[in-house]
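Here are the chains, one letter per residue:
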Amino acid sequence: MTNNPNPENKKTDQKLSPIRMLNKWVNGEELPMEEKDFELHLDMKETNHPVLTVRDRARKFRKVYVVFSICICVALISIMMIATIQMPPFGEVDVPTNNEVSEKYIEDGLTDTGSANIVAGMILDYRAFDTLGESTVLFIAVNAVIILLKRDPDNPDLSEEAQDRREELIAQSKPNVILKIMASVLIPFILLYGAYVVLNGHISPGGGFSGGAIMGGALILFASSYGFKKVSTFFNFKTFTGITSTALLVYACSKAYSFFTGANHLESFIPKGIPGAILSGGLILPLNICVGMIVACTMYGFYSLFSRGDI
Amino acid sequence: MWDFIMNHYYEIAAVILFGIGFMNLLVQRNLIKKLIGLNIMDTAIYLFLAARGFVFGRIAPVPQDLTNLSAETFINPIPSGLVLTGIVVSVSTTAFGLALALKLYRRYRTLNLDEILVLSKKEREDKKQ
């Protein structure tokens, strides 16, 4: 861990754009420069590492710590067991959770929401605010991962680029014919199935989250068999941000009327249709599509950011 | 005692799973193993919620026969929705935690929390000098 000032660093330092300076400030001033010194060599071995002495010191407190944590854990488990004893038996009808709320959802769900899947009607109509929060949590998580892991094009990491080149060479020298052919056969069907699960979310088990995860899986399979460059021809960072933020905004706007009117369940501007048909359920189908898009993009985004630091 | 176990076996399993995950979270020194422990705790919560929503003799709330909708036919749909929320939050927190672990690994070349703490302390002292 030597701190050699790199001559290239100084060159780039002198002509900083304001955005770059803000970025530097957000990153903690010297961080982008220092990270260059921690080059990624897979065979790097630490000499005169202080960790050996550290391990000795940690070992002293280790036993105390383990005993202490076992005590905390046993206390927690016994508290929860006592709570479990006082609960009504598993699978009984007369429990406090089976109250008038769930009765209302089951009995009036079809006429209120027009969705044959009661759970979908519940989470996307009665409790749509909850689902908006879920989608926002996913969106914020992927944003946090982007902040942490996305590579800076102005401040490239030489070792990471070398690793990318090495992986490309390996991919060229060993063409995975079986994987590619199987992927090209499977991916259309996986995408079709994901779209089916999303579009049938209101009349059968499924919905935006599960269907979106399936579609994200198809994208991941495509990326791992054909390489990220092929994916980036139709799905790059711009399309990613566009799709996720548009879907979230469409969701928020299309449900905003009921949020603002105190969620009194007004008539939606989309007719409910015949229950059980694809075009039924009012707003539930478009909301499912929005959620599915967010989830598919997020799943692929996580994979791509973790494996190569870019989308 | 036997009655209690037979009446509450799902809840007991959920509590034990929660304890295993919590122990993993506390005792493991590897950051990724800690995150696995966190995920085991999440799984315990899903099991608990799903078990609380279940009623013997009733079916999942996706009716085939749309004409006869009575509350006596279906299980409680609310825990299902809550489990969905839990899964999404768990995925998000796991991804965020793994990203932080990867960042720490890139800087200190280790995932052991003790080593990371000492290395960061040493780094701070080096900077002061």
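Just so it is clear, the structure is predicted and the values come from calculations on it, not from any experiment.

> If you had to explain the overall build of chain A to someone new, which residues and values would you point to?
The helix and strand tally for chain A stands at 13 helices and zero strands. Counting helices and strands in the order they occur from the N terminus, chain A gives α-α-α-α-α-α-α-α-α-α-α-α-α. Counting over 311 residues, chain A shows a buried share of 36%. Relative to all contacts within chain A whose residues are 6 or more apart in sequence, the contacts with residues 24 or more apart total 72%. For chain A, the accessible area works out to roughly 18,200 Å², and carbon and sulfur atoms hold 67% of it.

> Can you lay out the overall build of chain B for me, pointing to particular residues and giving the numbers?
Broken down by element type, chain B carries five helices and zero strands. Ordering the α and β elements of chain B from the N terminus gives α-α-α-α-α. For chain B, the proportion of its 129 residues judged to be buried stands at 45%. By sequence separation, contacts in chain B at least 24 residues apart represent 46% of the contacts at least 6 residues apart. Accessible surface computed for chain B: about 6,600 Å², of which carbon and sulfur atoms make up 68%.

> Let's hear about the environment of A14 of chain B: which residues, and what values?
Residue and element names in this part refer to chain B. The residue A14 is located in helix α2 (residues 9-27) in this model. Spatially, the C-alpha atom of A14 lies 9.2 Å from that of A51, the residues being 37 residues apart in sequence. With residues near it in sequence (within four places) discarded, A14 still touches A44, L47 and F48.

> Describe helix α10 (residues 208-226) of chain A, naming the residues involved and giving the relevant values.
All names here are of chain A. Its 19 residues give α10 an end-to-end C-alpha distance of 27 Å, which sits within 8% of 27 Å, the value for a rise of 1.5 Å per residue. Within the span of α10, buried status applies to G208, F209, G211, G212, M215, G216, A218, L219, F222, A223 and S225. In the segment just after α10, G227 is the residue with positive phi, at about 95 degrees.

> So what's going on with the interface of chain A and chain B? Which residues, and what values?
Counting from both sides, the interface comprises 69 residues of chain A and, opposite them, 61 residues of chain B. Summed over both partners, the interface of chain A with chain B buries about 6,100 Å², with 72% contributed by carbon and sulfur atoms. Three residues, F90, I106 and L148 of chain A, lead the burial of chain A against chain B; their summed loss comes to 13% of the area buried on that side. Our count for the contact surface shared by chain A and chain B stands at zero salt bridges. Taken together, the connections running from chain A to chain B amount to eleven residue pairs in polar contact (both at pLDDT 80 or more). Broken down by secondary-structure element, the contributors of at least two residues to the side of chain A that touches chain B are α3 (31-37), α4 (51-85), α5 (100-113), α6 (118-126), α7 (128-149) and α13 (284-308) of chain A.

> How would you summarise unusual backbone geometry if you had to cite specific residues and measurements?
Residues and elements named next belong to chain B. For R109, which is not a glycine, the phi torsion comes out positive at approximately 60 degrees. Note that R109 resides in the loop between α4 (78-108) and α5 (113-128). The class for R109 is buried, based on a relative accessible area of 17%.

> Pulling in residues and values, what's your account of the packing of α7 of chain A against α4 of chain B?
As a packed pair, α7 of chain A and α4 of chain B sit with axes 9 Å apart at the nearest point and diverge in direction by 10 degrees. If you check the angle between α7 of chain A and α4 of chain B, you find them roughly parallel. Along its contact with α7 of chain A, which presents D130, E134, V137, L138, A141, A144, V145, L148 and L149 of chain A, the element α4 of chain B presents L84, T85, V88, V89, S92, A95, F96, A99, L100, L102, K103 and R106 of chain B. Tallied by class, the residues present in the contact of α7 of chain A with α4 of chain B amount to 15 nonpolar, two polar and four charged.

> Explain a negative patch on the surface to me, using residue names and the numbers behind them.
Together, E100, E103 and E107 of chain A together with E72 of chain B give the surface a local cluster of negative charge. By the element assignment, E107 of chain A lies in helix α5. Judged by its relative accessible area of 37%, E107 of chain A falls in the partly exposed class.

> Account for the pattern of salt bridges, naming residues and giving values.
Following the criterion strictly, the structure yields seven salt bridges over all chains and no others. With a shortest N-O distance of 3.3 Å, D108 of chain A and K104 of chain A are connected by a salt bridge. Separated by four residues within a single helix, D108 of chain A and K104 of chain A lie in helix α5, roughly one turn from each other. Here D108 of chain A falls in the partly exposed class, since its relative accessible area comes to 30%. For K104 of chain A, a relative accessible area of 36% gives the class partly exposed. In this structure, K122 of chain B and D126 of chain B form a salt bridge, with 3.8 Å as the shortest nitrogen-oxygen distance. Here K122 of chain B pairs with D126 of chain B, and both are found in helix α5, just four residues apart, close to one helical turn.

> Lay out α6 of chain A in plain terms, naming residues and giving numbers.
Residue and element names in this part refer to chain A. Burial runs high along α6: eight of the nine residues are buried. For α6, the set of buried residues is I118, V119, A120, G121, M122, I123, L124 and D125. In this structure N117 caps α6, since a side-chain oxygen of it lies 3.1 Å from the backbone nitrogen of V119.

> Any chance you could break down the nonpolar core for me, citing the residues and the numbers?
Membership of the largest hydrophobic core comes to 44 residues, with the highest contact counts inside it found for V145, F235, F240, Y251, Y300, F302 and I311 of chain A. Those elements giving two or more residues to this core turn out to be α6, α7, α9 (177-199), α10, α11 (228-232), α12 (237-260) and α13 of chain A together with α4 of chain B.

> Go over the packing of aromatic side chains with me, naming the residues and quoting the values.
Enumeration over the complete set of coordinates arrives at 14 aromatic pairs over all chains. An angle of 25 degrees between the planes, with centres 5.2 Å apart, marks the rings of F222 of chain A and Y226 of chain A as stacked. Remark: Y226 of chain A and F222 of chain A occur in helix α10; sequence separation between them is four residues, near one turn of the helix. Joined through ring pairs, the aromatic side chains of F90 of chain A together with Y9, Y10, F54 and F56 of chain B make up one cluster. Sitting over the ring of F237 of chain A, K150 of chain A keeps its end group 4.7 Å from the ring centre. When the ring centre of Y65 of chain A is taken as origin, the NZ or CZ atom of R29 of chain B, which lies over that ring, is 5.5 Å away.

> I'd like to hear about the confidence of the model for chain A, residue by residue, with values.
Residues and elements named next belong to chain A. For chain A, the mean per-residue pLDDT works out to 80, and 79% of the residues sit at or above 70. Mean pLDDT in chain A bottoms out at α3, which sits at 46, and peaks at α9, which reaches 94. Low pLDDT, under 50, characterises residues 30-48; the predicted model gives this stretch 35 contacts beyond four residues in sequence or across chains.

Conventions we followed
- Numbering of residues starts from 1 in every chain and runs along the sequence as written.
- Written order decides the labels, with chains lettered from A and ligands numbered from 1.
- Where totals are concerned, whole chains, interfaces and linings use all residues; where local detail is concerned, this predicted model gives features only for residues with pLDDT of at least 70, and gives and counts side-chain atom pairs only at 80 or more.
- Only hydrogens and water are set aside; all other atoms, that is, all heavy atoms of the structure, feed into the side-chain values.
- Labels follow the DSSP assignment, with helices taken as runs of H or I lasting at least four residues and strands as runs of E lasting at least two, numbered in each case from the N terminus.
- In this scheme, a residue with accessible area under 20% of its type's maximum is buried, one over 50% is exposed, and one in between is partly exposed, where area comes from a 1.4 Å probe on protein chains only.
- In this analysis, two residues are considered to be in contact whenever any of their non-hydrogen atoms come within 4.5 Å of each other.
- Note that accessible areas follow from Shrake-Rupley with a 1.4 Å probe, and for residues the cover is restricted to the protein chains shown.
- To estimate the expected span of a helix, count its residues, drop one, and scale the result by 1.5 Å.
- By buried area we mean how much accessible surface two parts lose on assembly, using a 1.4 Å probe and totalling the loss over both.
- What counts as a salt bridge is simple: a side-chain nitrogen of Lys or Arg found within 4 Å of a carboxyl oxygen of Asp or Glu.
- The term polar contact refers here to a pair of N or O atoms within 3.5 Å; inside protein, the definition further demands a hydrogen-donor-capable atom paired with an acceptor-capable atom, and it admits residues adjacent in sequence only when both atoms are side-chain atoms.
- Note on definitions: angles span 0 to 180 degrees between N-to-C directions of axes, and those axes are lines fitted to C-alpha atoms, for helices only across the stretch in contact.
- Orientation is classified from the angle alone, with under 35 degrees giving roughly parallel, over 145 giving roughly antiparallel, 65 to 115 giving roughly perpendicular, and any other angle giving oblique.
- Amino acids outside the nonpolar list (Ala, Val, Leu, Ile, Met, Phe, Trp, Tyr, Cys, Pro) and the charged list (Asp, Glu, Lys, Arg) are all regarded as polar, and Gly is one of them.
- What makes a patch is a set of residues exposed beyond 30% relative accessible area and free of salt bridges, joined within 9 Å when like-charged and within 5 Å when nonpolar (Val, Leu, Ile, Met, Phe, Trp, Tyr).
- For the purpose of counting charges, residues Lys and Arg are taken to be positive, whereas Asp and Glu are taken to be negative. His and the chain ends are not included.
- Note that the charge is assigned to NZ on lysines, CZ on arginines, CG on aspartates and CD on glutamates.
- Residue types Ala, Val, Leu, Ile, Met, Phe, Trp, Tyr and Cys, when buried and joined through side-chain atoms within 4.5 Å, form a set referred to as a nonpolar core.
- When the centres of two rings from Phe, Tyr and Trp lie within 6.5 Å, Trp using its six-membered ring, the rings pair. Their planes under 30 degrees apart give stacked, over 60 give edge-to-face, and anything left gives tilted.
- Two conditions define a charge sitting above a ring: the NZ of Lys or the CZ of Arg must be within 6 Å of the ring centre, and it must be within 35 degrees of the ring normal.
- The score called pLDDT rates the predictor's confidence residue by residue, from a low of 0 to a high of 100.

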